[in-house]
Amino acid sequence: MKDTTPIYFHSAAYAHEHGELDQYRTSHKANIACKEAIEQAIVDNYQDNRLDQACVQQVLQQFDPGRIFYVLANTVRQKDYDGRISRDNKAWAQTIPVCEDKDGFGYDRNVSFVVDRSHTGLMDLFLTQARREYALAQEKPSVRDSLNKNAGQQAAHSNKTKVNKEQTR
């Protein structure tokens, strides 16, 4: 079953001040579960020195792309120093808003949903595949749009044929 918990884009302090701790905690738990799903998918789909394309689909069956990208952007930001993460993915991660969430002692709560049980290079490869699949999915027209476009083209073609037949008479 797919987790549809909304992402909470504020810190625990903000949630506390605004009476939204339940939403914060639920979202934080979902972030951790998503991180664990990504790590498990990498374990399940890494064989013979390659990461199978099914890896991303395994996680997409459990979480929305928004949550997956939120967790991955947080991971990349936390590991910004790591040269095994591509420049493109580092630049991309800066475009995703991830709220700073420090506790009273200065500990960053976002560390709890960093993909860290997998090799950083594999996490980077997973992110690249996820971004590519998401971009391709965004480019694909819907079935309804395709059918409407085809119906419109067929109607235009049949009208052209009628006009051409009338002109030849």
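Above: the structure in question.
A few points on the structure.

Calculation notes
- Residues numbered from 1 in each chain as written.
- Predicted model: local features only at pLDDT ≥ 70, side-chain atom pairs only at ≥ 80, totals over all residues.
- Heavy atoms only, no water.
- Helix = DSSP H or I, 4+ residues; strand = E, 2+ residues; numbered from the N terminus.
- Polar contact = N/O pair within 3.5 Å; in protein donor to acceptor, adjacent residues only side chain to side chain.
- Contact = heavy atoms within 4.5 Å.
- Buried < 20%, exposed > 50% of the residue type's maximum accessible area, 1.4 Å probe, protein only.

## Regarding the side chain of Gln129
Okay, so step 1: Within the secondary structure, Gln129 sits in helix H6 (residues 120-139).
Okay, so step 2: At 3.2 Å, the side chain of Gln129 and the backbone oxygen of Leu51 are in polar contact.
Okay, so step 3: Excluding residues within four positions of it along the chain, Gln129 makes contact with Leu51, Asp52, Gln53 and Val56.

## A short note on unusual backbone geometry
Okay, so step 1: The backbone of Asp48 sits at a positive phi, close to 50 degrees, despite the residue not being glycine.
Okay, so step 2: Within the element layout of this structure, Asp48 appears in the loop between strand E1 (46-47) and strand E2 (50-51).
Okay, so step 3: Residues other than glycine seldom take positive phi values, yet Asn49 does so here, at roughly 60 degrees.
Okay, so step 4: You can see Asn49 is positioned in the loop between E1 and E2.
Okay, so step 5: Looking at Asn49, the relative accessible area reads 70%, which means it is exposed.

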